[in-house]
Amino acid sequence: MCIFCILGIAILLWLLHIYMTGGVCKIKKDLSGKVVFITGANTGIGKDTALQLGNMNATIVIACRDTIKGQLVLDQLNKITQAYLIKLDLSCLNSVRQCVEDFKKLNIPQIDILINNAGVMAPQTYKTTKQSYELQFGTNHLGHFLLTELLIPYLKAAEQSRVVNVSSLAHRHSNLNFKDINLAQYANSKLWSIKYSPLAYGNSKLCNILHAMEISKRHGIKACSLHPGAVRTELMREVVQNPILNVVLKLSTVFYFLLSKSSLQGAQTTLQCALEDYDKLVDGGYYSDCKLKQPQNTNKQLAEKLWEFSAEKLRFYLEK
Ligand SMILES: NC(=O)c1ccc[n+]([C@@H]2O[C@H](COP(=O)([O-])OP(=O)(O)OC[C@H]3O[C@@H](n4cnc5c(N)ncnc54)[C@H](OP(=O)(O)O)[C@@H]3O)[C@@H](O)[C@H]2O)c1
């Protein structure tokens, strides 16, 4: 009897695992002549996305902060396709500008698919970017907003180009307050790591969705956003520095494995958005498990407001 119970539980857990890791992109294309620009491709979801698209013969530009790890990915990519590595630190707006200058030097005329993938999550203390924005908002949203704006001429140079923003289900835990976008009032709170840091991440991921909703209205270029699922990557690197959270994570390792995706599985929805036929891709749409889903906390007015707020904050870097 007991053996049947254990077997039953094991089968249920395995089925749950299959359900949680679901969503496979079935589209295969020859991307010869197409150019993909992807941020944060030195590891995790970005690395697997770059390798998969490289396997389909696209020219791949990886923009990475960690150029040592980036070089290792570039070496892998160069075995299968034409690829380039550019340095990019999204938490420094000058680095974003420099990255675009370095891209210009490659003499690549167009970008067909821009994938804003890089992201930082849950720093355990209040941290800011070089220009003093809260780290997650400044990196995940503002850095990518500036990058996208500066790359618009290259996206316009390609026929049927698109922007893919890697967001998260965590966007549901958000509350954008333009009067305190940096959550600075909570910077010294003892609850920062468990309460406000997750909120800042959620806000930044909501911004990724709102940004994608507004791009085509502003530039006539299709854009979408997505949740990759719960994926075993280095995204938790800051969280594990907290001794209590580290113990909790270690204790839940088996469940974490069962309920999460590998980075290749996590790349599937990004691939779906990158490869979906142009006419089928829903402009401003939010995808999860390779399907269109309804995001929360979003509306057109908020997308418009975030755009104007971001453009104003970045005016100096956009006009420079
Ligand atoms: N893993 C999940 O469960 C999950 C769930 C929902 C959404 N996401 C989203 O998926 C995307 C990819 O994350 P991942 O899970 O693959 O995590 P990851 O393994 O930690 O990869 C994140 C990438 O972002 C880069 N990055 C971080 N800060 C940067 C900066 N200032 N400038 C340039 N690059 C920077 C990292 O570069 P370094 O190596 O130099 O730090 C790394 O390449 C993120 O946008 C994340 O929010 C992930």
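Throughout what follows, the structure given in this document is the object of discussion.

**A word on the side chain of His 171**
Considering the arrangement of structural elements, one finds His 171 in the loop between β5 (162-166) and α6 (192-219). Setting aside residues up to four positions removed in sequence, His 171 forms contacts with Gly 202, Lys 205, Leu 206, Ile 209, Tyr 286, Pro 295, Gln 296 and Asn 297.

**Structural notes on the site of the ligand**
Around the ligand sit 29 residues in total, of which Asn 42, Arg 65, Tyr 201, Val 231 and Thr 233 are the nearest. Within the backbone of Gly 40, an N or O atom sits 3.2 Å from an oxygen atom of the ligand. With respect to the ligand, the side chain of Asn 42 contributes an N or O atom lying 2.6 Å from an oxygen atom. When the ligand sits alone it has 890 Å² of accessible area, and the protein chains cover 95% of it. Using a 2 Å cut-off from the grid points, one finds that the ligand occupies the largest pocket. Counting only elements with at least two residues in the shell around the ligand, the list comes to α2 (44-55) and α6. Its residues placed into classes, the shell around the ligand shows 10 nonpolar, 13 polar and 6 charged.

**What to know about the packing of helix α5 (residues 135-157) against α6**
Running from amino to carboxyl end, α5 crosses α6 at an angle of 20°, the nearest separation of the two axes being 8 Å. When the axes of α5 and α6 are compared, the pair comes out roughly parallel. For the element pair α5 and α6, the recorded crossing hand is right-handed. In this structure, α5 uses Gln 136, Phe 137, Asn 140, His 141, His 144, Phe 145, Thr 148, Glu 149, Ile 152 and Lys 156 to contact α6, whose residues at the interface are Ser 197, Ala 200, Tyr 201, Ser 204, Lys 205, Cys 207, Asn 208, His 211, Ile 215 and His 219. Residues that form the contact of α5 with α6 fall into these classes: 7 nonpolar, 10 polar and 3 charged.

**A word on the layout of surface pockets**
Taken as a whole, the largest pocket encloses approximately 970 Å³ of empty space. If you go around the largest pocket, you meet 47 residues; those closest to its centre are Gly 119, Val 120, Met 121, Tyr 201 and Leu 235. Residue assignment for the lining of the largest pocket shows that the elements contributing at least two residues are α2, β2 (59-64), α5 and α6. Of the residues that constitute the lining of the largest pocket, the class distribution is 23 nonpolar, 17 polar and 7 charged.

**Brief notes about the pairing of strand β3 (residues 83-87)**
Pairing between β2 and β3: 5 bridges, direction parallel. Residue Ala 63 lies in a different strand from β3, and its bridge partner there is Ile 86. Remark: the β2/helix α3 (residues 67-78)/β3 crossover connection has right-handed handedness.

**Observations regarding the environment of Leu 191**
When you line up the elements, Leu 191 lands in the loop between β5 and α6. By relative accessible area, Leu 191 is classed as partly exposed at 38%. Distance in space between the C-alpha atoms of Leu 191 and Thr 125 is 9.8 Å, their sequence separation being 66 residues.

The rules behind the values
Residues numbered from 1 in each chain as written. Predicted model: local features only at pLDDT ≥ 70, side-chain atom pairs only at ≥ 80, totals over all residues. Heavy atoms only, no water. Helix = DSSP H or I, 4+ residues; strand = E, 2+ residues; numbered from the N terminus. Contact = heavy atoms within 4.5 Å. Near = heavy atom within 4 Å. Polar contact = N/O pair within 3.5 Å; in protein donor to acceptor, adjacent residues only side chain to side chain. Areas by Shrake-Rupley, 256 points an atom, 1.4 Å probe, with all protein chains shown as cover. 1 Å grid on protein atoms, 1.4 Å probe; cavity = no way out; pocket = protein on both sides within 12 Å on 5 of 7 lines; lining within 4 Å. Sits in = over half its atoms within 2 Å of the grid points. Nonpolar A, V, L, I, M, F, W, Y, C, P; charged D, E, K, R; others polar. Axes fitted to C-alpha atoms, helices over the stretch in contact; angles between N-to-C directions. Parallel < 35°, antiparallel > 145°, perpendicular 65-115°, else oblique. Left-handed = near helix turned anticlockwise from the far one by under 90°. Points joined across faces, edges and corners; volume = space filled by probe spheres on them. Pairing = 2+ DSSP bridges. Right-handed = clockwise from strand over helix to strand, strands pointing away. Buried < 20%, exposed > 50% of the residue type's maximum accessible area, 1.4 Å probe, protein only.

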